[in-house]
Amino acid sequence: EAGVAQSPRYKIIEKRQSVAFWCNPISGHATLYWYQQILGQGPKLLIQFQNNGVVDDSQLPKDRFSAERLKGVDSTLKIQPAKLEDSAVYLCASSLGVTLHFGNGTRLTVT
Amino acid sequence: DQQVKQNSPSLSVQEGRISILNCDYTNSMFDYFLWYKKYPAEGPTFLISISSIKDKNEDGRFTVFLNKSAKHLSLHIVPSQPGDSAVYFCAASLFITQGGSEKLVFGKGTKLTVNP
């Protein structure tokens, strides 16, 4: 089975610019997650989708972050405008049950 | 409010010996616990899990122990191998009624180094 696909792998932008990440989950997985992992910390949930509906976005900074999952499959996460503290690895994961399957992430550097 | 805590940022052991990684949690509503392993430049990969109704789960060299009264779990790796060197994340799962899905909360991770 193909894993969770994410692109791009790396992105460098200047503060105040915008950026978008893409995720294609494992086929058939209804639940999709976006996590932010800052260096030295564990992954922090930003948003969780069940099919194309949002289940939890309580930790998503909605003034600058947005995410969508059209048709309940692929998802995009956008940051606009970016801040220095957004530098992190953005991980996408999908699941059928409890076990999450992660992509390799996008490493974002904001300068 | 850190609900899942891994108090040891790093651990170093000799090849062939036992590695013990610890994790504490605060929310008694967690119903499932998982360990993930992460290599540099890769996403976390699932290693082993345990339901809150059990106190032990074993899979080859990996065993997870759960002490619900102490809100503590540990991962034992026996024998440790150099390829086990990675960051290990403890995660706890909470069932979300809305949407009927699980929410995972992660600890900060413990970097394990197994020396040949």
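The coordinates are above.
Conventions and cut-offs
Residues numbered from 1 in each chain as written. Chains lettered and ligands numbered in written order. Predicted model: local features only at pLDDT ≥ 70, side-chain atom pairs only at ≥ 80, totals over all residues. Heavy atoms only, no water. Helix = DSSP H or I, 4+ residues; strand = E, 2+ residues; numbered from the N terminus. Rg over C-alpha atoms; globule rule 2.2 N^0.38 Å. Buried < 20%, exposed > 50% of the residue type's maximum accessible area, 1.4 Å probe, protein only. Pairing = 2+ DSSP bridges. Core = buried A, V, L, I, M, F, W, Y, C linked by side-chain atoms within 4.5 Å. Contact = heavy atoms within 4.5 Å. Buried area = accessible area lost by both parts, 1.4 Å probe. Salt bridge = Lys/Arg side-chain N within 4 Å of Asp/Glu carboxyl O. Polar contact = N/O pair within 3.5 Å; in protein donor to acceptor, adjacent residues only side chain to side chain. Disulfide = S-S within 2.5 Å. Patch = residues over 30% accessible without salt bridge, like charges linked within 9 Å, V, L, I, M, F, W, Y side chains within 5 Å. Areas by Shrake-Rupley, 256 points an atom, 1.4 Å probe, with all protein chains shown as cover. Axes fitted to C-alpha atoms, helices over the stretch in contact; angles between N-to-C directions.

**A word on the overall build of chain B**
Thought 1: Looking only at helices and strands, chain B features zero helices and eleven strands.
Thought 2: Secondary structure elements in chain B, listed N-terminal to C-terminal, are β-β-β-β-β-β-β-β-β-β-β.
Thought 3: Its C-alpha radius of gyration of 14 Å places chain B within 12% of the 13 Å reference for a compact globule of 116 residues.
Thought 4: Expressed as lengths along the three principal axes of its C-alpha atoms, the size of chain B is roughly 50 × 30 × 25 Å.

**Some words on the pairing of strand 8 (residues 72-77) of chain B**
All names here are of chain B.
Thought 1: Within strand 8, five of the six residues are buried, which leaves the element mostly enclosed by the surrounding structure.
Thought 2: With six bridges joining them, strand 3 (residues 19-25) and strand 8 adopt antiparallel strand pairing. Within the sheet, the bridge partner assigned to N22 lies in strand 8 and is S74.
Thought 3: Relative to strand 8, strand 7 (residues 62-67) runs antiparallel, the two being bridged by six bridges. Bridging from a neighbouring strand, F65 pairs with S74 of strand 8.
Thought 4: Linking strand 7 to strand 8, which pair antiparallel, is a turn of four residues; within it K71 sits at a positive phi near 50°.

**Examining the nonpolar core**
Thought 1: Membership of the largest hydrophobic core comes to 24 residues, with the highest contact counts inside it found for F33, W35, L73, L75 and Y88 of chain B.
Thought 2: Of the residues forming this core, the biggest block, four residues, is contributed by strand 9 (residues 86-96) of chain B.
Thought 3: Ranked by size, the runner-up nonpolar core spans 21 residues in total, among them V19, A82, L108 and V110 of chain A.

**Remarks on the interface of chain B and chain A**
Thought 1: At the interface, 22 residues of chain B touch 24 residues of chain A.
Thought 2: Here chain B meets chain A over a buried area of about 1,700 Å², counting both sides, of which 57% is carbon and sulfur.
Thought 3: One can count one salt bridge joining chain B with chain A.
Thought 4: Connecting chain B to chain A are five residue pairs in polar contact (both at pLDDT 80 or more).

**Points about the sheet that holds strand 7 of chain B**
All names here are of chain B.
Thought 1: Strand order in the open sheet formed by five strands is 1-3-8-7-6, and the pairing between neighbours is antiparallel. In this open sheet, the two edge strands, each paired with only one partner strand, are strand 1 (4-5) and strand 6 (56-59).
Thought 2: Of the strand pairs in this sheet, strand 6 and strand 7 are connected by four bridges, and their pairing is antiparallel. Within strand 7, the position partnered with N57 by the bridge is V64.

**Here's the deal with the state of the cysteines**
All names here are of chain B.
Thought 1: All told, the structure shown has two disulfides over all chains when counted by the stated rule.
Thought 2: Shown here is the disulfide that connects C23 with C90, its sulfur atoms set 2.0 Å apart. On the S-S bond that ties C23 to C90, the torsion sits near -75°, and the link is left-handed. Of this pair, C23 sits in strand 3 while C90 sits in strand 9, and the two are 67 residues apart along the sequence. Judged on exposure class, the residue C23 and its partner C90 are both buried.

**Quick look at a nonpolar patch on the surface**
Thought 1: A grouping of I18, I20 and V78 of chain B is seen on the molecular surface, where their side chains present a nonpolar patch of about 230 Å² in accessible area.
Thought 2: Mapped onto the secondary structure, I20 of chain B falls in strand 3.

**Structural notes on the sheet that holds strand 7 (residues 65-68) of chain A**
All names here are of chain A.
Thought 1: Strand order in the open sheet made by the four strands is 1-3-8-7, with antiparallel pairing throughout. Each end of this open sheet is capped by a strand with a single partner; those strands are strand 1 (5-7) and strand 7. Each adjacent strand pair in this sheet contributes to an overall mean axis angle of 15°, direction not counted.
Thought 2: Of the strand pairs in this sheet, strand 1 and strand 3 (residues 19-24) are connected by three bridges, and their pairing is antiparallel. For A5, the partnering residue across the bridge sits in strand 3 and is N24.

**Topic: the side chain of S74 of chain B**
Residues and elements named next belong to chain B.
Thought 1: For S74, the location among the structural elements is in strand 8.
Thought 2: By relative accessible area, S74 is classed as buried at 7%.
Thought 3: When residues no more than four places from it in sequence are discounted, the contact partners of S74 are I20, L21, N22, W35, T63, V64 and F65.

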